[in-house]
Amino acid sequence: MQLPGRESAEDINDLLSNLVKRSEAVTALLISREGVCISKAGNVETLNSTALAALVAGMFAATREVANIVGEEQFSILLQQGEKRHIHISLIGQRNMMIVVFEDYKRIGRVRHEARSIGSDLVRILENREKSKKEDSGDISVPEFKEYALNLIDRIFVVGEEDDASSRSN
Amino acid sequence: MKRTMPHLDPTEKQIVFKIVYFGPGMSGKTTNLLYIHKVLTDKYKGEMLVLDTEKERTLFFDFFPVSLGTVQGYSLKFHLYTIPGQIFYEASRKIILEGADGVVFVADSSVDRFDDNIQMFRLMIENLRSNGIDVSYFPVVLQYNKRDCSPRLEIGEIEKELELDSIPVTESIATEGKGVMRTLQVVSKEIIKRFQIS
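Every value quoted in this text rests on a predicted model; they were computed, and no experiment measured them. (Residues numbered from 1 in each chain as written. Chains lettered and ligands numbered in written order. Predicted model: local features only at pLDDT ≥ 70, side-chain atom pairs only at ≥ 80, totals over all residues.)

(A) Broad picture of the overall build of chain B. Helix and strand counts for chain B come out as five helices and eight strands. Reading the secondary structure of chain B in the N-to-C direction produces β-β-α-β-β-β-α-β-α-β-α-β-α. Since a compact globule built from 198 residues should have a radius of gyration of about 16 Å, the 16 Å found for chain B is in line with a globular shape. Oriented by its inertia axes, the alpha-carbon framework of chain B measures out at about 50 × 35 × 30 Å. Within chain B, buried positions represent 54% of all 198 residues. At a minimum sequence separation of 6, the contacts of chain B that also span at least 24 residues come to 69%. (Helix = DSSP H or I, 4+ residues; strand = E, 2+ residues; numbered from the N terminus. Rg over C-alpha atoms; globule rule 2.2 N^0.38 Å. Buried ≥ 20, exposed ≤ 12 C-beta atoms within 10 Å, placed from the backbone. Contact = placed C-beta atoms within 7 Å.)

(B) Looking closely at the overall build of chain A. Tallying secondary structure elements over chain A gives five helices and five strands in all. Counted from the first residue to the last, chain A has its helices and strands arranged as α-β-β-α-β-β-β-α-α-α. Over its C-alpha trace chain A gives a radius of gyration of 20 Å, far above what one expects of a compact globule, namely 15 Å for 170 residues. Taking the principal axes of its C-alpha atoms as reference, chain A extends roughly 65 × 55 × 35 Å. In chain A, of all internal contacts separated by at least 6 residues, the share reaching a separation of at least 24 is 52%.

(C) Inspection of the nonpolar core at higher detail. With 94 residues, the main nonpolar core has Ala28, Ile31, Ile99 and Val100 of chain A together with Val20 and Phe105 of chain B as its most contacted residues. Those residues within four positions of valine 20 of chain B in sequence are excluded, and the remaining contacts are Tyr81, Ile83, Ile96, Leu97, Ala100 and Val103 of chain B. (Core = buried A, V, L, I, M, F, W, Y, C linked by C-beta atoms within 7 Å.)

(D) Inspection of the interface of chain B and chain A at higher detail. The partner chain A presents 46 residues to the 49 residues of chain B that form the contact. Contributions of two or more residues to the side of chain B that touches chain A are made by strand E1 (7-9), strand E2 (14-22), strand E4 (58-71), strand E5 (74-82), helix H2 (90-97) and helix H5 (180-194) of chain B. Counting residues per element, the side of chain B that touches chain A draws most heavily on H5 of chain B, which supplies eight residues. Tallied by class, residues from the side of chain B that touches chain A come to 22 nonpolar, 15 polar and 12 charged. (Nonpolar A, V, L, I, M, F, W, Y, C, P; charged D, E, K, R; others polar.)

(E) Geometry of the sheet that holds strand E1 (residues 27-32) of chain A. All names here are of chain A. Judged by pairing direction, the sheet is antiparallel, and its five strands sit side by side in the order E2-E1-E5-E4-E3 without closing on themselves. The outermost strands of the open sheet, each flanked by one partner alone, are strand E2 (37-42) and strand E3 (77-81). Ignoring strand direction, the axes of neighbouring strands in this sheet form an average angle of 15°. Sheet topology places E1 next to E2; five bridges connect them, and they run antiparallel. Bridged to leucine 29 within E2 is lysine 40. Contacts between helix H2 (residues 49-69) and the sheet are confined to E1, E2, E3, strand E4 (86-92) and strand E5 (96-102), with E1 contributing the most and set at about 65° to the helix. Most of the contacts of helix H3 (residues 108-131) go to E4, to which it runs at about 35°, and overall it touches E1, E4 and E5. (Pairing = 2+ DSSP bridges. Axes fitted to C-alpha atoms, helices over the stretch in contact; angles between N-to-C directions.)

(F) The arrangement of the confidence of the model for chain A in detail. In this model, chain A carries an average pLDDT of 87, and 92% of its residues clear a pLDDT of 70 or more. In the model of chain A, helix H4 (residues 133-136) of chain A stands out as the element of lowest mean pLDDT, 73, in contrast to E5 of chain A, which has the highest, 96. (pLDDT = per-residue confidence, 0-100.)

(G) Spatial organisation of the packing of H2 of chain A against H2 of chain B. At a closest axis distance of 10 Å, the pairing of H2 of chain A and H2 of chain B adopts a crossing angle of 130°. The angle between the axes of H2 of chain A and H2 of chain B places the two elements in the oblique class. In this structure, H2 of chain A crosses over H2 of chain B, and the sense of that crossing is right-handed. Mapping the contact onto sequence places Gly58, Ala61, Ala62 and Glu65 of chain A in H2 of chain A and Ala91, Ser92, Ile95 and Ile96 of chain B in H2 of chain B. Residues belonging to the contact of H2 of chain A with H2 of chain B are distributed by class as follows: five nonpolar, two polar and one charged. (Parallel < 35°, antiparallel > 145°, perpendicular 65-115°, else oblique. Left-handed = near helix turned anticlockwise from the far one by under 90°.)

(H) Quick peek at the pairing of E1 of chain A. Residues and elements named next belong to chain A. Where burial is concerned, most of E1 is hidden: five out of the six residues are buried. Connecting the antiparallel pair E1 and E2 is a turn made up of four residues, with glycine 35 showing a positive phi of about 95°. Two elements, E1 and E5, share six bridges in a ladder whose sense is antiparallel. Residue pairing across strands places leucine 30 opposite methionine 98, the latter belonging to E5.

(I) Structural context of helix H3 (residues 114-130) of chain B. All names here are of chain B. Taking 1.5 Å of rise per residue, 17 residues should cover 24 Å, and H3 covers 25 Å from first to last C-alpha, within 8% of that figure. Along H3, the residues classified as buried are Asn117, Met120, Phe121, Met124, Asn127 and Leu128. Looking down the long axis of H3, one finds its buried residues gathered within 125° of arc, a one-sided arrangement. In H3, the exposed residues that point more than 90 degrees away from the buried face are Asp115, Gln119, Arg122 and Ser130. (Expected span 1.5 Å × (residues − 1). Arc of directions from axis to C-beta.)

(J) Region of the structure containing the pairing of E3 of chain A. Examined bridge by bridge, E3 of chain A and E4 of chain A share five bridges and lie antiparallel to one another. What sits directly across from leucine 78 of chain A, in E4 of chain A, is isoleucine 89 of chain A.

(K) Spotlight on the packing of H2 of chain B against H3 of chain B. Residues and elements named next belong to chain B. Contact pair H2 / H3: the axes reach a minimum separation of 9 Å and the direction vectors enclose 55°. With respect to H3, the element H2 is oriented oblique. With respect to the hand of their crossing, H2 and H3 are arranged in right-handed fashion. On the side of H2, the interface is formed by Arg93, Lys94 and Leu97, while H3 contributes Asn127, Leu128 and Ser130.

Structure follows, in structure tokens:
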């Protein structure tokens, strides 16, 4: 039996994979508004998805400010046209975005159609996930998590003697 | 007003905390990040993005991810960002602060930058409040950078002016790497100490 959370992760990945296949896109990513990659499908090896997610989230937020300036609440779709590759970005609910990278610009209509058609399914799955987040994260013991995390911080963010900048030089 | 919540994903098994380096223009925010990126072992860090202008001023933000390892089956990550310090990049700053779990306020220790530090700190509090954050509970570390400059601010001057009672304070010379890792350690610990699942 699968956990509900695991099932939703697979559902999201299936939706993205189908979109990539049907629109002949290079890759599709689902990211959060904070710039964290939630799921990805297609050719994901050659793209730095972490950086892409951070940049697109910033770009989308900036575009929201632009929308406000011209009297719109937000723009729900962003399109970046390049020489060989293009990016279609669409809002998924209020908290997430989907990025589709594709190569044949003539397929823009198809990309847009496929992105729109899975949008509502993604919103529903993500909303359910958000509701069950607390239960699904029940496997975390917060006090122990803190203890281990603080140990990792001590071990990795190493502070040496040369780190001291408090000595008075003047 | 809400308390912050990291990106917690039980299905993808990851917890991502966002740390933002805030402060006036040219106070050394990017220098902090560049140093951290330089000293961290490859296995812990991702590629660094630097989006700056030809005058080496941050245009939008700098960014890189740090993966500390696995805790209770969850991949623990910190995403480090800087903001553009120039006063006219108000919209960018607000955007980058969105979803932040903690802030390092990088103050310039030069005496003649005192007012810039104060103005920018107040803007940060305004930005956080406008994002709905309960600032009384939000982790902020005050880093007095450029401790090698002269004349320089005394530790406590900024806190006194802003009436900050118990803010953690560090001193640094980011160009030499001094105090940079200590600051990162302090802010990440402050964030972890406040972590809760809500």
